[in-house]
Amino acid sequence: MASLPDLRCLVQKPSQSCDFLVSDRPETTGSVSVSPSRSHQSSPAHSPRNGDKWSILLDQKQRQMERSAKRKEARIWYHKCRMKGLIAFIGLVILFFGVNSFMLLRLQHHRIVGLQNYASPNSSFPVKDWNKFSKGKRQQKGTYGRMLALATHALAENKREPKDLWQEPFIQASAWIPCADKREWKPSGGNNGYILVTANGGINQQRVAVCNAVVVARLLNATLVVPKFMYSSVWRDVSQFSDIYQEEHFINYLTPDIRIVKELPVELRSLDLEAIGSFVTDEDVKKESKPSFYLKYILPILLKNRVIHFIGFGNRLAFDPIPFQLQRLRCRCNFHALQFVPKIQQTGALILQRLRKGAHPGVMDRFLLGPYAETITNEKESRSKKASKYLALHLRFEIDMVAHSLCEYGGGEEESKQLEAYREIHFPALALLTKTKRLPSAAELRSDGLCPLTPEEAVLMLAALGFKRATHIYIAGADIYGGEPRLAALTSLYPNLVTKEKMLSATELRPFANFSSQLAALDFIACTAADAFAMTDSGSQLSSLVAGYRMYYGGGKMPTIRPNKRRLATIYTKNSTIEWKIFEQRVRKAVRQTKHIFRRPVARSVYRLPRCNECMCLTTDDDKVV
């Protein structure tokens, strides 16, 4: 029988040879020499009971070792499979995001083809004709191609909008309340003669001219004849005052201030005003002339001829210095006396109802729409729907603005020729100036913030500010320079984009066909009533008037985005290297500063910045900039 140490060798050390059990004698053919102990173990004379016990123990241990080895192999196989599965999963995730990114980039490429060159045709110049000039040339990546791709990815993340995106500093802004309707003087008899005014430009320039004419009539103690509007080769609109504004309301509301009549007296109609020296053009009156100029040079002509006719008369009256009550009269005319005719109010109400997609009465409705403001909230279907906020964007990028700016927009020599030809026809004085004087280069104009934002720059600003991809955006303006292709960046990043032409049916638009000023009035309503309003050019009259109207009646709830174009130009010049997060931070800082609440600076427009004692009253003692 094997001893206990021998058994332990076999059980505990199966891989060892246990040499002390094996004979040192050489092997012989057909037999194996074993030790006496081993031979005794297998001998028939030995007790089979003890031999079976050892065999069973050895077999059990061997089976245990085999099972252990199999479990070990199974664990190794499991871990290998697990690692392979994890690697496969990671590969699938990477593949998914890779394909997603590729599709987004392809979508971006197809949606803004033509944008990549940062050049598009003029709306009056067909796309197919424009493309002839680049035929055979390899298209280069657009100026903002990289930034637009980053904006696309940023919007796809669907982050939460910043808290102040749809707000302005309420406490400071609501402290200013309208008070231009207060009068502290007796009516003027208008005894010194009659003033005729033929205002030029578009509806917004005409509005400014009308308000200035009202103030000059009071200053000179003259009777104002209802203003007329000059036909413009740019706007091509024959609309007159009564086609846009309620004439009776205008006359009656201002009666306590000045005398207004619809026509000249019969005895004065036959006068040759040019022959007697009663024609006064914009060349005769300097821009923003002081009241003293009118008292010194215009009043004598009025007293002599009994009538004077201002031709043009846009910004021909200074904002400062001017007597307090005259300044208040200017605000009273703009914010109270000029109300749109029912046709415009009714269609404007229809646009707002469809934009809001529900009963969402706005702060401005009753001032803009008069009795038609009630139609927005009276419909049961509207009240049952969830209200929708919308952003209005005035994209001041029509050809007249582009040509007048003297900036470049990526069209190269061909674009330069088009704009030069346009200036020759519509802005001859400017065209002559470009040939006779050295003017700042296009690059200098852009760096100084004197170029209107392009659609590409505007959409980058909106994306950086945090407006979600699902934001409803109303685009105001006439035909965009470059047509639909130029809007590709906007429609790609913000698909819920509409214009008045898309909001109204052909039947609803028909009464306004060929009346650009009346169509502009609809834009004025949609922009003024918007939950947020963004401008691309602060010098635009529409943007200025809309911003001022929202400030006057908004009650601190109508935020306006006024980009600092000089700051934005500095940010945009780094478009090839700047990271999106840094771009967002800088744009938000540049725009946030324009939301500060402050009193109107001296000589600034009261139409745009009515927060002054003449137009609005401050209900608290704190009027510091915030």
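Please read these numbers as outputs of a predicted model, since none were measured by experiment. (Residues numbered from 1 in each chain as written. Predicted model: local features only at pLDDT ≥ 70, side-chain atom pairs only at ≥ 80, totals over all residues. Heavy atoms only, no water.)

We now examine helix 28 (residues 565–572). Taken together, the buried positions of helix 28 are occupied by Lys565, Leu568, Ala569, Ile571 and Tyr572. Buried residues of helix 28, seen end-on, are gathered within an arc of 160° and therefore sit on one face of the element. Residues of helix 28 that are buried in the fold lie against helix 20 (442–447), helix 21 (455–465) and helix 29 (580–592). (Buried < 20%, exposed > 50% of the residue type's maximum accessible area, 1.4 Å probe, protein only. Helix = DSSP H or I, 4+ residues; strand = E, 2+ residues; numbered from the N terminus. Arc of directions from axis to C-beta. Contact = heavy atoms within 4.5 Å.)

Tracing the chain through its elements places Ala476 in strand 9 (residues 472–476). Using a relative accessible area of 0% as the deciding quantity, one classes Ala476 as buried. Among all residues touching Ala476, those that are not within four sequence positions of it are Leu393, His394, Leu395, Asp523 and Cys527.

Okay, the packing of helix 7 (residues 203–219) against helix 26 (residues 516–528) next. Here helix 7 crosses helix 26 at 85°, and the two axes come no closer than 9 Å. If you check the angle between helix 7 and helix 26, you find them roughly perpendicular. Of the residues in helix 26, those touching helix 7 at Ile203, Asn204 and Gln206 are Ser517, Ala520, Ala521 and Phe524. Residue composition of the contact of helix 7 with helix 26, grouped by class: 4 nonpolar, 3 polar and no charged. (Axes fitted to C-alpha atoms, helices over the stretch in contact; angles between N-to-C directions. Parallel < 35°, antiparallel > 145°, perpendicular 65-115°, else oblique. Nonpolar A, V, L, I, M, F, W, Y, C, P; charged D, E, K, R; others polar.)

A word on the pattern of salt bridges. The final tally for this structure, using the stated rule, is 21 salt bridges. The closest approach of N and O atoms between Arg183 and Asp257, which form a salt bridge, is 3.1 Å. With Arg183 in the loop between strand 1 (176–178) and strand 2 (194–199) and Asp257 in the loop between helix 9 (247–254) and strand 5 (260–261), this pair connects stretches of sequence that are 74 residues apart. A relative accessible area of 0% places Asp257 in the buried class. Members of the salt-bridge network, linked through shared partners, are Arg183, Asp257 and Arg332. (Salt bridge = Lys/Arg side-chain N within 4 Å of Asp/Glu carboxyl O.)

Glancing now at the sheet that holds strand 11 (residues 532–535). With parallel pairing, 5 strands are arranged side by side in an open sheet as 10-9-8-11-12. Strand pairing shows two members of the sheet lacking a second neighbour, strand 10 (497–498) and strand 12 (560–561), which therefore form its edges. The pairing of strand 9 with strand 10 spans 2 bridges and is classified as parallel. By the bridge assignment for strand 10, Ile473 is matched with Leu497. (Pairing = 2+ DSSP bridges.)

Grouped together as the largest cluster of nonpolar side chains are 95 residues, with contacts concentrated most on Ile195, Leu224, Phe250, Tyr294 and Phe310. Not counting residues within four places of it along the chain, the set of residues in contact with Phe310 comprises Ile195, Leu196, Val197, Thr198, Val216, Val280, Tyr294 and Ile298. Grouped together as the second largest cluster of nonpolar side chains are 54 residues, Trp166, Tyr422, Leu460 and Ala489 included. (Core = buried A, V, L, I, M, F, W, Y, C linked by side-chain atoms within 4.5 Å.)

Together, Arg63, Arg67, Arg71, Lys72 and Arg75 make up a positively charged patch on the protein surface. With respect to the secondary-structure elements, Lys72 resides in helix 3 (residues 48–111). On the accessibility criterion, Lys72 (52% relative accessible area) is exposed. (Patch = residues over 30% accessible without salt bridge, like charges linked within 9 Å, V, L, I, M, F, W, Y side chains within 5 Å. Areas by Shrake-Rupley, 256 points an atom, 1.4 Å probe, with all protein chains shown as cover. Lys, Arg positive; Asp, Glu negative; His and termini not counted. Charge placed at Lys NZ, Arg CZ, Asp CG, Glu CD.)

For the rest of this paragraph, the subject is a nonpolar patch on the surface. Side chains of Phe89, Ile90 and Ile94 sit close together on the surface and give an oily, nonpolar patch of about 320 Å² of accessible area. The topology assignment puts Phe89 in helix 3. Overall, the relative accessible area of 52% leaves Phe89 in the exposed class.

As a further point, take unusual backbone geometry. For the peptide bond that leads from Asp320 to Pro321, omega is -10°, which places it in the cis range. On the secondary structure map, Pro321 appears in the loop between strand 7 (307–312) and helix 12 (324–337).

Our focus in this paragraph is the pairing of strand 11. Residues Ala532 and Ala534 line one face of strand 11 and the alternating positions Phe533 and Met535 line the opposite face, and both faces are buried. As paired elements, strand 8 (residues 390–394) and strand 11 share 4 bridges and run parallel to each other. The partner of His394 across the bridge, within strand 11, is Met535. Strand direction decides the pairing type here: strand 11 and strand 12, joined by 2 bridges, are parallel. Note on strand 12: the bridge partner recorded for Ala534 is Ile561.

A separate point is the state of the cysteines. What we call a disulfide is simply a covalent bond connecting the sulfur atoms of a pair of cysteines. Evaluation of the coordinates by the stated rule reveals 3 disulfides. With a sulfur-sulfur separation of 2.2 Å, Cys179 is cross-linked through a disulfide to Cys617. Looking down the S-S bond of the Cys179 and Cys617 bridge, the torsion is 100°, so its handedness is right-handed. Here Cys617 lies in strand 13 (residues 616–618) and Cys179 lies in the loop between strand 1 and strand 2, a separation of 438 residues in the sequence. Across the disulfide from Cys331 sits Cys615; the S-S distance is 1.6 Å. With Cys331 in helix 12 and Cys615 in the loop between helix 29 and strand 13, this pair connects stretches of sequence that are 284 residues apart. In this pair, the class of Cys331 matches that of Cys615, namely buried. In this structure Cys211 is not part of a disulfide, and its nearest cysteine sulfur, from Cys333, lies 3.4 Å away. (Disulfide = S-S within 2.5 Å.)

The subject of this paragraph is the packing of aromatic side chains. This structure, assessed with the given rule, holds 24 aromatic pairs. The interplanar angle of 90° and the centroid separation of 5.5 Å between the aromatic rings of Phe293 and Tyr294 together place this pair among those described as edge-to-face. Judged by its relative accessible area of 0%, Tyr294 falls in the buried class. Through a chain of ring-to-ring contacts, the aromatic side chains of Phe229, Phe241, Tyr245, Phe250, Phe335, Phe340, Phe367, Phe524, Tyr549, Tyr552 and Tyr553 assemble into a single cluster. (Phe/Tyr/Trp six-rings, centres within 6.5 Å; stacked < 30°, edge-to-face > 60°.)

Looking at the protein chain as a whole, the pLDDT averages 82, with 78% of positions reaching at least 70. Predicted confidence is poor over residues 104–141, with pLDDT under 50, and the contacts of this stretch with residues over four places away or in other chains come to 75 contacts. Counting contacts from residues 379–384, a segment whose pLDDT is below 50, to residues more than four positions away or on other chains yields 8 contacts. (pLDDT = per-residue confidence, 0-100.)

Before going further, it helps to spend a moment on the environment of Trp580. Position of Trp580 relative to the elements: it lies in helix 29. Expressed as a C-alpha distance, the spacing of Trp580 and Ala151, which sit 429 residues apart in the sequence, is 7.5 Å. In this view, Trp580 contacts Met147, Leu150, Ala151, Ala154, Leu460, Ala463 and Ala464; residues no more than four positions away in its chain are not counted.

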